[in-house]
Every structure is written in C-alpha cells, then in structure tokens.
Amino acid sequence: MNRKNVRVKIDELKTDVGLFKNLELSIGKVTEEKWAEPMGPTPFPSVTALRNWDMKLLQRYKPFYMPFCDLCCLCTYGKCDLTGNKRGACGIDMAGQQSRIVLLACCIGAATHIGHARHLVEYLIEKYGRNYPLDVGGLNIQVEAPVTRLVCGVKPETLGDLEEVLDYTETQVTHLLSATHTGQEGNNLDFESKAFHAGMVDQVGMEVADIAQIAAYNLPKADPEAPLVDLGCGTINVEKPVILCIGHNVVPSVGIIDYLKANGLDSEIEVCGLCCSAHDATRYYKRAKIVGPISWQLRFIRSGFPDVVVLDEQCIRIDTYDEAQKVKAPVIAASEKNCVGLPNRTNDPPDEIVKDLVSGKTPGVLILDPEKVGEVATKVAVQIAPLRKKFKTLPEIDEIIQKSKGCRQCDDCRRACPQDLHIPEAIKAASQGDLTKLADLYELCIGCGRCEEACPIDLMIHSFIVKAGEKQLKQETYKIRCGRGAIQDVEIRNVGSPIVFGEIPGVVAVVGCANYPKGGEEVAEICKEFANRRFIVVTSGCAAMSAAMTKDDEGKTPYELYTGEFTAGGIVNVGSCVSNAHIAGAAIKIANIFAKRNLRANYEEIADYIHTRVGAVGLAWGAYSQKAASIAAGFWRLGVPVIVGPHGSKYRRMLLGRADKEEDWYVLDARTGEKVYVGPAPEHLFYAAETKEEAMVMIAKLCMRPNDTTKGRAIKLTHYIDLHKRLFGTMPEDIHLFVRTVADIPVTMKDEIIKILEKKKWKETVIPDPTLLPRLVRKRKE
Amino acid sequence: MATAEPWQTAEVPGPKKAFVIAKADVAAKMINKAKRPVLIVGSKAVEIDFGDKKLIDYIIELAKKGKIPVVATAHMVNEFLKRDYKPKGWMPAVDISNRLTDPEWKGLDGKGQYDLALFVGLPYYMEWTILSGLKHFAPNLKTITLDNTYQPHASWSFPNTKVKDWAENLKVIIDNLGGE
Ligand code: SF4
Ligand code: SF4
Ligand code: SF4
C-alpha cells in the first residue's frame, strides 16, 4: 500500500453559509505506535492480495450459474446472445457474464454502505471533531473495529482515523467496478474473487459506519440489555402527529429527535421508521418506534398514519413521494443520494419551508441539513396533522366489494405477483362479499404493488389486501430489543471455547431483507427453534424485525423471552444493516481473543480459522438487495456459509460443495502436515433453500466444522438428525460423512447409526488441527 | 410450433425458448424414449390439490408407471414417505441441478449421468432460474416441466394450463408411459 506519512486534508463545510474551510494537517500515523501487535501479511489488501485464498474456497465451492437473462446488453456491440455459453462480441462467455453481474451487484452493495459510512463520518467529524474517540463498548471492548484491524491492519481510535480506512475502501470499489468494464476481466473465477473482495471491503465500510454512529450518538454500546422498544403499526399512537422516517441513514432522524427533545415535544409527537433508519432511531431514542420491515412501506403510508415522510437513503420505494402525496403527507428528502426530483430548500428559512409544505404549495422538499430537517419535519407534523386528519387511501369494504365485481379474472395480477398469490380467486370472493381470502394474502404479500400495475381495470389490489387485513395490521404490537452493537470481549471469552469445540452447536445469523417466500413468521419460527436448541441466534436488519413479530400464549415476543446476551439460547439483535459487521466481528474475535491468533492484517489465517472451526452460518431468508449480495460476499470470504430463501436463486449463482466428491474435503493437519478427510463441513458456501424446513435442516448441518471435538460433533449431529427426522421424516443419508470416530456418534442413536455406518462401509478417521493453508503447518512432513 | 407466454409476465428469457408440448401423449413419448430419466419434485407438489388427489399422488403414480427415479427437493421426502413411496434421493433443488451439469456425475445409482430431467412442483421462479442453469450449462440434458405453467428455459414445457386440464394431462402421460 502506497501511503504517505504526511497528509493534508481540507474539509469544506457543507453549507455555503460558512465560507471558511477547515484545514487539518496530520503527520504520521500517531495511533499506530500504540498497537504492539506486529503487522500481518496483508495490510490494506489490494484486489489480488487474497486471490489465492479465494481460489481455495472456489475450488471447493464451485459456482453454479443460473442466468437470470440470456443476453448481455452492457455495451453497443450488444445485445449479445450468450445462450449455452456462446461468447459475446467482446469474447465473454455466459459464466463470465454471470459472475460479472455478481461482482456488479456486490460493488453496488459495497458502494452503498461505504457511501453511507462516508457521509456519516464526514458529518460526525464536522459536528464532533476529528479527535472524537471511538468508544463502542467501554472497558468491555478492547478489540473494537475487529474487521478494520483484520483487513487494514490499523486500529482506529478516533472518528478521524476512519477517514483513511474509507479512502482505502473507496479505492477498492473503484478498482472492482472498473473490472466489470467490457474487456477488463473475463474469467469467471477471477470475477468471483473480486466479488469476495467487494464483500470484504463492504464489511469494513459497514463497520466504519456503525462504530462511528455508536460512538458519536452514544447508541447502546455492546449492551446485551439494550432497551426493549416498540415495533408494529399498532404501537403507533395515531392520535398524535406522526413523523415517518424511511431508509438507512439515521442522521436526519437524529435531527428530528434532537429537535423534539430540545423543544419539549417528545411526548407529543410520534417518531417512527421503516427499515434500518428505524433500527438506528430506536438505538438513539427509546421512544422511537419501528413500523416494520421494508415491505410495510405501502401499507403504512396508504393507511394514512404518517403526517410527514422523511426519506434518507437506500431501500426506499421510488414511488413513496407519489404515495405520500395521495395521503396528503408532505415529503422531506434528506439525502443527496436520493433527491426525488424535489427543489433544494436547504438554505431557506425553516418557517418558509414549513409554510409551503403545510399549505400544499409544495408537496415535497429537499433539505440537506439534518438539523433543519428536524425543525421542519416537526413543525410540519404539528401543523398539518389536524388538517389532514390521517387521510388515507385505503378503500372501504363496500368499495372493495363493488370494484371487485369489475374483475375480469384475467390473471394478470397473479402473473405479475412475485409470490404467485391467488389474487383473482380472492377478488372473486370479495366481489361476493367475502373478504377472508384477501385477508389471507396479507401475511404473504411483500407489498411490491406489481399486481396493481398489471391490472387492466386499475384495481388497487394491494390496498384491498391491506384493508382486508386491517385488523391484523392494527394488532401488530411487538417488542424488539434495540440493536446492541458489537459483542463484548468477555462474551467472546465465555463462548469461544464451546463454539470452537462444538458444544454450542452453532451461531446462526438471521439477517437481511423481507422478500420472504411465505411471510415473516417463518423467520420468527426459525429464530425460536434454534434459540431453543441452544444455538446463538444473532439478528439484524429487517429480519431482526420479523423475528419480533410473533407472540407466545402469554403475549410475549421472542426478544422478551430470550436473552440478548451473545450466549447459547440468546436472540441477539445487533442492529441495522451496517451492524452486520459486528457479526463478522464476533467470528473474528473468536479467532483473536479466544484462540489468540494475530488479528492485524492477517486476513487469510483468520478466515481459515473461522472456516474450519467456527460453526457459524448466515440465513438471509428474504434477501433482495445488492447490499445483501455484498454482505453475503463478505461472509463467503471469511468462509462462512450463507443460506438464502428461494427468491435468492435470482442472485443467479450458488457456491456449492459436492459432498459426493471425496477429494474435495481434505484439510491439512497443522500438527503433522498430513492430509485428512474431514467430510463436507461445511457443505456449501452459498445456497438457496426452497422451504423453511429445508433451511432449518441445512442450518444445523452447515454448522459442523472439521475442528469439532467428538462431544461437539455429537451435539451437532443430534440437532441435524433430530431436525431431519422431524421435518424430512427420516434419517439423513449422509451421516457417515460427518462421523469421524465412533465417539462422534450421539449415544442415544448409537445402534441405529452404527448400522448405517456399516452399510455405507464407513472408515474411521482422525480429528485434525485443520487448516487449508500449508504455511500454517507447524511440522512439515517430508 | 406453438408459442407460449411465461407464467410470470416479466420472466422473459432470451432467444432460445422451450418447445410447447401441445399434447400430453407427446410428453409421454419423449419420456419413454429417454434412456435415463430422472424426476425432480418440489415443495408445491403437496400444495396443489386437484380435488380427488394432490399433485404428489399423480407424481408417484407417474414415477411408478414409468420406473423413473425421483429426487425429492426441499422437505418433500417426508411427504413421499407418508405415501409409502421412497424416493431414490432427496437433496436441495440447487444441488441436484448442479449435479446434472456435471458430465462426470454418476447419478443416484452410480450408473451414469441422466439424459432427461423432469421437473415439477418447484416455486415458479426457482424452477425458472434452475432450468436456466441447465439450459446453459448442461448441454446434453433435455428438460421437461410437468407443471401447468410455461417455463421458457426448459427444453419442453406445457403452455399455461388450467388446473383441471393439468390433471388430465398428467393422466394421459401416466397412461402412455412404459411399454417401450
Ligand atoms: S459487453 Fe460483451 S457481451 Fe455484453 S453487449 Fe458488449 S460485447 Fe456483448
Ligand atoms: S403487492 Fe402483494 S399481492 Fe400485489 S404483486 Fe406484490 S406481493 Fe403480490
Ligand atoms: S388483474 Fe385485475 S381484472 Fe385481472 S384478475 Fe387481477 S384483479 Fe381481476
């Protein structure tokens, strides 16, 4: 890495009210001297620095491409038909093209988090200064920023230290994106390696964003007992003016909350949010409320609840502005990434903007000053609430019945519905006065609105569904433990050994978006199942919300029933999308704190450790976005398998191991240098499951690692077999691949399993000190 | 040659699209002609109800009559076992499909790669992406979908068909299977 020790940075203030510039000189890297750990082999790794490691993984987990389009239309030579691996005019083949799109998605995802981090850090530095300390967990966290330490080899201690980290990630994304240019790269495995690289720098970007906001905004600092906050449409007091924030960057929400507090309005106004801004708002302010996952956007706005809608960045419906206008709710766009075509009023006096919004002279504005957003949003909400009286666009029941009579039963809605929901049947029943079939669709509908776009007679089908399910919507009152941030060092110390030896059967990270095949309840069910089995369940993002949206017989939600500690049986919400970095961080810290492996710029060794020893698996059951792709890619490079739901097959490539190919499953025994067969553990690196049952069995299976002790393996096998028997109705056929010695066999199933092993001509093997890296062999065999 | 529209409107592939199976007995003939067919059955096989029977019941009949090995995807093995039918194998849909692209794979019985894969009962979009993978990367494999929705990436597919006619089609296929 070509870095000079002297750097000059000139920061311009964002507003042109202040014309001065903030000139700062930093000489040398002062922090570096304080970190005694020796520098590892790959500080600030270039695009190819970890290519060998990637290729090792890709050799085991070969890409299976499922093209989502047969053509390429990226340049004017095209369109090119790549059917059956034909080459395009530039010479690229189908495998190359698909992997190129994967890289592109990962670049988009990484750029999004990194851009988000950059905006946050710039803003927070402006507000709190470059020397503001990065405290993410007080004395409980000595190893803060584990991802950054691992990847970059630096130990950021202040907000200002994050800048060079972001410089690095931005450079990498530029290089990676450039590789997608026609004729720049063409080998599919090299594209895949680059996608891994994008995932890794994405993880750094996410970590930067989250530790910056945790430190500066004093969000819960690795707190297992982070407060329980409200979630669900039913928790929002619609008697009050309601401000709705949608997106991922909490800065404007903080502007609103600060303004409310400063003006003593916090008990008079409801601040609620959708998607990750909501997560982060509740981390900042206990009284903020989470409406629900991304798929609640249309239903909440059309129900007329919000009096003003504030948009920041990422995962916001593009038509939110139109929808908000229909319910007479003004819109404030607050991010330069998402200007919504609105006039920039950043420099106007707040009261003028308020007047224009309340009078309807302008239905929306762009304000790129979070404090001003706070003032304007609050004043608008207060003034407009009595005028608009929660005006909604949901139809009345009679109207639904009447309009449904016009339905032509043409199936266009159903054929547009990504869930293939039986809409025409439900509309037919509605036309006869029976709305139950429409109500049944409420839980399954992901709120995309495609059905309405398709309907030739313009029925507001999604609104029909929401109205029919209105009772359910109003009963959505849940508790979620707000995002706790990082995992404490002491928690890692406590669970490090049982995880690595397999006695805690696994860490399941339930993360990602809400493009679920059959509603969010499946997510809650999976979380509870694995917490009951004493796995550690970690959640984030929309999935963390879905995990909350269920109650037991006594009306308690999972976050009330399960501990928030990172321990067996916990359901641990780390926070928003950018908090995903803490999940990777926990795995990294196991290698560092528990196993005492060097962290600093030592990516390959730590990834090898995690891949062969830490039984962690990610489940992104409703993954839809490019960010989800890059988040997954970050875990792939660490060797952590990721499962997605059936819609995830549209990511167009899987990374699949072949359990039937014995030669793929050898590792080196670091003690002897000998090659040892360890079975397909873990079998896949990226794979789309078809049903929740399949996913559950696979989660248990993918938690097995070559390093498991016999006791640990027996526990993991027990869960795998038990789930397989319950959900698949039979014994798994591949047990012999996971039994290494007789002591691995769960005692209660001994006779049954021994019989199977005999039939399969099973041979005993040894439990190695596993590694994929020859350089880690301590004693080389001649 | 008859043409057809993909069931999900936007799932438009590219220049090479599945031939339309206009008559069910043609499908039976193709299955009879295959040397090594395999039948891949997804999770919707228990969701689809024809009134008298479920899709899975027809599939079992079909597999028995045509002596075609079944791979149950997702958690379907349980449903087969409940019906006293043991599928030849069970594995995730992406796994069996991945194996079908490998010319070296020896099949579930160790006797070699398959030449015809019949798909039925996967979620439409998942079957769509999987059949795409096979169209592009399994050049020696023919694929037929027994679903009632047009799957453009298959080699052969029924057009979008009403559920009632679908049951009829399946009956015709079953009747015409076997007997060289
Ligand atoms: S990038 Fe290559 S394959 Fe794509 S349109 Fe251009 S020449 Fe064709
Ligand atoms: S809004 Fe709901 S019903 Fe309509 S197409 Fe989307 S998922 Fe289907
Ligand atoms: S698209 Fe409209 S008219 Fe056609 S079936 Fe659906 S609701 Fe009826």
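Fair warning: this is a prediction, and the values are worked out from it, not measured in the lab. (Residues numbered from 1 in each chain as written. Chains lettered and ligands numbered in written order. Predicted model: local features only at pLDDT ≥ 70, side-chain atom pairs only at ≥ 80, totals over all residues. Heavy atoms only, no water.)

**Structural notes on the overall build of chain A**
How we decide: Here a helix means four or more residues in a row that DSSP labels H or I, a strand means two or more in a row labelled E, and each is numbered from the N terminus. For the radius of gyration, the atom set is restricted to C-alpha positions; the globular benchmark scales as 2.2 Å times the number of residues to the power 0.38. Classification of residues uses two cut-offs on accessible area relative to the type maximum, computed with a 1.4 Å probe and protein chains only: under 20% is buried, over 50% is exposed, and between them is partly exposed. The sign given to each residue is positive for Lys and Arg and negative for Asp and Glu; His and the chain ends receive no count. Every charge is mapped to an atom, namely NZ of Lys, CZ of Arg, CG of Asp or CD of Glu.
Looking only at helices and strands, one finds 28 helices and 23 strands in chain A. For 782 residues, the compact-globule formula gives about 28 Å, and the C-alpha radius of gyration of chain A, at 26 Å, lands near that figure. Summarising its shape, the C-alpha atoms of chain A cover approximately 85 × 70 × 60 Å along the three principal directions. Residue burial in chain A is summarised as follows: out of 782 residues, 66% are buried. In chain A, 99 positive and 101 negative side-chain charges are present, and the distance between their average locations comes to 2 Å.

**Some words on the overall build of chain B**
For chain B, the count of helices and strands is 6 helices and 7 strands. Secondary structure elements in chain B, listed N-terminal to C-terminal, are β-α-β-α-β-α-β-α-β-α-β-β-α. Radius of gyration (C-alpha) of chain B: 15 Å, near the 16 Å computed for a compact globule of 180 residues. Overall, the C-alpha framework of chain B stretches about 40 × 40 × 35 Å when taken along its three principal axes. Within chain B, the proportion of its 180 residues that are buried is 64%.

**So, the site of ligand 2**
Residue and element names in this part refer to chain A. Filter applied, for reference: Note on terminology: near, applied to a residue and a molecule or strand, indicates that one of the residue's heavy atoms is within 4 Å of it. For this classification, Asp, Glu, Lys and Arg are treated as charged, while Ala, Val, Leu, Ile, Met, Phe, Trp, Tyr, Cys and Pro are nonpolar and the rest, including Gly, are polar.
Close contacts around ligand 2 come from 13 residues, with Cys 417, Cys 445, Cys 448, Gly 449 and Cys 451 the closest. Secondary-structure elements contributing two or more residues to the shell around ligand 2 are α16 (450-454) and α17 (461-468). Its residues assigned to classes, the shell around ligand 2 comprises 9 nonpolar, 3 polar and 1 charged.

**Thoughts on the interface of chain A and chain B**
Definition in use: We call two residues contacting when some pair of their heavy atoms lies within 4.5 Å. A 1.4 Å probe defines the accessible area here, and the buried area is the portion of it lost by two parts on being joined, summed over both. We define a salt bridge as a side-chain nitrogen of Lys or Arg found within 4 Å of a carboxyl oxygen belonging to Asp or Glu. The definition of a polar contact used here is a pair of N or O atoms within 3.5 Å, where within protein one atom must be able to donate a hydrogen and the other to accept one, and adjacent residues in sequence count solely through side-chain atom pairs.
Opposite the 53 residues of chain A that make contact, chain B presents 47 residues. A combined buried area of about 3800 Å² lies between chain A and chain B, and 56% of that area is made up of carbon and sulfur atoms. Our count for the chain A to chain B interface comes out at 7 salt bridges. Among the ionic pairs, Asp 102 of chain B bridges to Lys 661 of chain A, the shortest N-O distance being 3.6 Å. Put simply, chain A and chain B have 25 residue pairs in polar contact (both at pLDDT 80 or more) between them. Of all the secondary structure elements, the ones that give two or more residues to the side of chain A that touches chain B are β3 (62-65), α2 (94-128), α13 (412-416), β19 (653-656), β22 (684-688), α26 (692-702) and α27 (710-728) of chain A.

**So, the site of ligand 3**
Taken together, Cys 407, Arg 408, Gln 409, Cys 410, Asp 411, Asp 412, Cys 413, Cys 455, Pro 456, Ile 457, Leu 459 and Ile 461 of chain A make up the full set of residues adjacent to ligand 3. Split by residue class, the shell around ligand 3 holds 8 nonpolar, 1 polar and 3 charged.

**Focus: helix α12 (residues 397-404) of chain A**
Residue and element names in this part refer to chain A. For clarity, the cut-off: Of all possible arcs, the one meant is that of the directions from the helix axis to the C-beta atoms.
Residues of α12 that are buried include every one of Ile 400, Ile 401 and Ser 404, and no others. Viewed along the axis of α12, the buried residues span an arc of 95°, placing them on a single side of the element. Turned more than 90 degrees from where α12 packs its buried face, Asp 398 and Gln 402 sit exposed.

**Focus: the environment of Cys 275 of chain A**
Residue and element names in this part refer to chain A. Take Cys 275: it is sitting in the loop between β8 (270-274) and α7 (276-284). Cys 275 sits in the buried class, given a relative accessible area of 3%. Along the backbone, Cys 275 and Ala 198 are 77 residues apart, and their C-alpha atoms lie at a distance of 23 Å. Leaving out residues up to four positions away in the same chain, Cys 275 has contacts with Gly 247, His 248, Gly 292, Ile 294, Cys 315, Cys 542 and Met 545.

**Considerations on the sheet that holds strand β2 (residues 37-41) of chain B**
Residue and element names in this part refer to chain B. Here is the rule we go by: Strand pairing requires that DSSP identify at least two bridges connecting the strands. For every element, the axis is a line fit to its C-alpha atoms; helices are fit only across the contacting stretch, and the angle between N-to-C directions ranges from 0 to 180 degrees.
Strands sit in the order β1-β7-β6-β5-β2-β3-β4 across an open sheet of 7 strands; the sheet is parallel. The two strands at the open ends of the sheet, each matched to only one other strand, are β1 (19-20) and β4 (89-90). Relative to β4, strand β3 (residues 70-72) runs parallel, the two being bridged by 2 bridges. Counted as the bridge partner of Val 71 is Gly 89 from β4. Seen against the sheet, helix α4 (residues 93-100) touches β2, β3 and β5 (116-120) and runs at an angle of roughly 160° to β2.

**A word on the packing of aromatic side chains**
Residues and elements named next belong to chain A. Let me state the cut-off plainly: Pairing of aromatic rings covers Phe, Tyr and Trp, the last counted by its six-membered ring, and requires centre-to-centre distances within 6.5 Å; plane angles under 30 degrees mean stacked, over 60 mean edge-to-face, and any other angle means tilted. Here, over-ring charges are defined by two tests on the NZ atom of lysine or the CZ atom of arginine: distance to the ring centre within 6 Å, and angle to the ring normal within 35 degrees.
All chains considered together, the criterion is met by 19 aromatic pairs over all chains. Among the aromatic residues, those joined into a cluster by ring pairs are Phe 196, Trp 636, Tyr 651 and Phe 686. Directly above the ring of Tyr 284 sits Lys 261, whose terminal nitrogen or CZ lies 5.1 Å from the centroid. Of note, Arg 299 hangs over the ring of Tyr 442, and the distance from its end group to the ring centre comes to 4.5 Å.

**Describing the pairing of β8 of chain A**
Residue and element names in this part refer to chain A. The test is simple: Crossovers are described as right-handed under a simple rule: with the strands pointing away from the observer, the path leading from the first strand over the helix to the second runs clockwise.
Counting buried residues along β8, 5 of its 5 residues qualify, which places the element largely inside the surrounding structure. Here β8 shows a buried face lined by Glu 270, Cys 272 and Leu 274 and a second buried face lined by Val 271 and Gly 273. In terms of strand pairing, strand β7 (residues 242-246) meets β8 through 5 bridges, oriented parallel. By the bridge assignment, Cys 245 is partnered in β8 with Gly 273. Since β7 and β8 lie parallel, the crossover through helix α6 (residues 251-262) that links them has a hand, and here it is right-handed.

**Some details on unusual backbone geometry**
Residues and elements named next belong to chain A. Note that the residue after Gly 78, namely Lys 79, is joined by a cis bond; omega there is 5°. Mapped onto the fold, Lys 79 is located in the loop between β4 (71-72) and β5 (80-81). Along the chain, Ala 681 connects to Pro 682 via a cis peptide bond; the corresponding omega equals -5°. If you trace the backbone, Pro 682 turns up in the loop between β21 (675-677) and β22. Even without being a glycine, Gln 409 presents a positive backbone phi close to 50°. On the secondary structure map, Gln 409 appears in the loop between α12 and α13.

**Quick word on the confidence of the model for chain B**
Put simply, the rule reads: Per-residue confidence from the predictor is given as pLDDT, running between 0 and 100.
Within chain B, residue pLDDT values average 95, and 97% of them lie at 70 or more. For this predicted complex, the interface confidence comes out at an ipTM of 0.97, alongside a pTM of 0.95.

**Re the packing of α6 of chain A against α7 of chain A**
Residue and element names in this part refer to chain A. The line we're drawing: The sense of a crossing depends on the near helix, which, turned anticlockwise from the far helix by less than a right angle, makes the crossing left-handed and, turned clockwise, makes it right-handed.
Axis separation between α6 and α7 bottoms out at 10 Å; the angle between their running directions is 35°. As for how α6 packs across α7, the hand of that crossing is right-handed. Contact residues: Ser 253, Val 254, Ile 257, Asp 258 and Lys 261 in α6; Ser 277, Ala 281 and Tyr 284 in α7. Tallied by class, residues from the contact of α6 with α7 come to 4 nonpolar, 2 polar and 2 charged.

**What about the pairing of strand β9 (residues 289-292) of chain A?**
All names here are of chain A. As paired strands, β8 and β9 are joined by 3 bridges and run parallel to one another. Paired with Cys 272 across the bridge in β9 is Lys 289. A crossover links β8 with its parallel partner β9, the connecting element being α7, and its sense is right-handed.

**What to know about the packing of α6 of chain A against helix α11 (residues 370-388) of chain A**
Residue and element names in this part refer to chain A. Where we set the bar: For classification purposes, angles smaller than 35 degrees are called roughly parallel, those larger than 145 roughly antiparallel, those between 65 and 115 roughly perpendicular, and all remaining angles oblique.
At their nearest, the axes of α6 and α11 sit 7 Å apart, and the two run at 60° to each other. By the criterion of interaxial angle, the relationship of α6 to α11 is oblique. The two elements α6 and α11 cross, and the hand of that crossing is right-handed. Residues Val 251, Pro 252, Gly 255, Ile 256, Tyr 259 and Leu 260 of α6 form the contact with α11, whose own contacting residues are Pro 370, Val 373, Gly 374, Glu 375, Ala 377, Thr 378 and Lys 379. For the contact of α6 with α11, the residue count by class is 8 nonpolar, 3 polar and 2 charged.

**Quick look at the sheet that holds strand β17 (residues 616-620) of chain A**
All names here are of chain A. Spatial strand order, β3-β19-β22-β18-β17-β14-β15-β16: 8 strands in an open sheet with mixed pairing. The open sheet is flanked by β3 and β16 (571-575), the only strands paired with a single partner. Taking each pair of neighbouring strands and ignoring which way they run, the sheet shows an average axis angle of 25°. Looking at chain direction, strand β14 (residues 507-510) and strand β15 (residues 536-540) are connected through 4 bridges and run parallel. Bridge pairing in β15 links Ala 509 to Val 538.

**Examining the side chain of Glu 192 of chain A**
By the element assignment, Glu 192 of chain A lies in helix α5 (residues 188-217). In this structure Glu 192 of chain A touches Leu 58, Pro 63, Tyr 65, Ser 99, Val 102 and Arg 653 of chain A, once residues within four positions along its chain are discounted.

**Topic: the side chain of Glu 452 of chain A**
Residues and elements named next belong to chain A. Within the secondary structure, Glu 452 sits in helix α16. There is a polar contact of 2.7 Å between the side chain of Glu 452 and the side chain of Arg 302. When residues no more than four places from it in sequence are discounted, the contact partners of Glu 452 are Arg 302, Leu 459, Met 460, Ile 461, His 462 and Ser 463.

**Description of the confidence of the model for chain A**
Scored by pLDDT, chain A has a mean of 94; 95% of the residues are at 70 or more. Low pLDDT (under 50) marks residues 15-32 of chain A, which in the prediction has 33 contacts with non-local residues, meaning those over four places away or in another chain.

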